[in-house]
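Overview (structure and organization)
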Amino acid sequence: LNLSNANALQIKAELTRQLYNRITTLGLSQAQAAKQLGLKQPDVSKLMHGRYTGFSIDRLIGLLTALETDVDIVLRPHSENDSHCGMVRVTAATA
């Protein structure tokens, strides 16, 4: 699609997927998740359906930490490939 903010959209999508996974793993209803996250239930419903419009990357990370999730940010030199810019990856750790 060649969107100027494609990288940020991809990060938000993955963080939202991780929120969905965490809420599901904890067995929380949307109402319970809303209470724990300090959101309204309709906002949790939007996130559970992959709609992250109105949520910044910072806020999505904050929501993950509110669900007792550790978030690590790792910086390392750019690997050699065709691009001159670095990349951001969101990956869930396995237990």
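None of these values were measured; they are calculated from a predicted model.

A few words now on the packing of helix α1 (residues 6-26) against helix α3 (residues 41-48). Closest axis-to-axis distance for the α1/α3 pair is 9 Å, and the angle between their directions is 110 degrees. Put simply, α1 runs roughly perpendicular to α3. Judged by residue contacts, Thr16, Leu19, Tyr20, Ile23 and Thr24 of α1 engage Val44, Leu47 and Met48 from α3. Of the residues contributing to the contact of α1 with α3, the split by class is six nonpolar, two polar and no charged.

A separate point is a nonpolar patch on the surface. Among the surface-exposed residues, Val71, Ile73 and Leu75 lie close enough to one another that they form a single nonpolar patch of about 350 Å² accessible area. Mapped onto the secondary structure, Val71 falls in the segment after α4 (57-66). On the accessibility criterion, Val71 (32% relative accessible area) is partly exposed.

For Gln18, the position within the fold is in helix α1. Residues in contact with Gln18, not counting those within four places in the same chain, are Leu64 and Ala92.

Turning our attention to the environment of Gln32. Position of Gln32 among the secondary structure elements: in helix α2 (residues 30-37). Here the alpha-carbon distance between Gln32 and Val74, two residues 42 residues apart in the chain, equals 31 Å.

Residue Glu68 is not a glycine yet carries a positive backbone phi of 60 degrees. Relative to the helices and strands, Glu68 is located in the segment after α4. For Glu68, a relative accessible area of 62% translates into the label exposed.

At a closest axis distance of 10 Å, the pairing of α1 and α4 adopts a crossing angle of 15 degrees. When the interaxial angle is binned, α1 and α4 end up roughly parallel. Of the two possible hands of crossing, α1 and α4 adopt the one that is left-handed. The residues of α4 that touch α1, namely those facing Ala8, Ile11, Lys12, Leu15, Thr16, Gln18 and Leu19, are Ile57, Leu60, Ile61, Leu63 and Leu64. When its residues are assigned to classes, the contact of α1 with α4 shows nine nonpolar, two polar and one charged.

Rules used in this analysis
- Residues numbered from 1 in each chain as written.
- Predicted model: local features only at pLDDT ≥ 70, side-chain atom pairs only at ≥ 80, totals over all residues.
- Heavy atoms only, no water.
- Axes fitted to C-alpha atoms, helices over the stretch in contact; angles between N-to-C directions.
- Helix = DSSP H or I, 4+ residues; strand = E, 2+ residues; numbered from the N terminus.
- Parallel < 35°, antiparallel > 145°, perpendicular 65-115°, else oblique.
- Contact = heavy atoms within 4.5 Å.
- Nonpolar A, V, L, I, M, F, W, Y, C, P; charged D, E, K, R; others polar.
- Patch = residues over 30% accessible without salt bridge, like charges linked within 9 Å, V, L, I, M, F, W, Y side chains within 5 Å.
- Areas by Shrake-Rupley, 256 points an atom, 1.4 Å probe, with all protein chains shown as cover.
- Salt bridge = Lys/Arg side-chain N within 4 Å of Asp/Glu carboxyl O.
- Buried < 20%, exposed > 50% of the residue type's maximum accessible area, 1.4 Å probe, protein only.
- Left-handed = near helix turned anticlockwise from the far one by under 90°.

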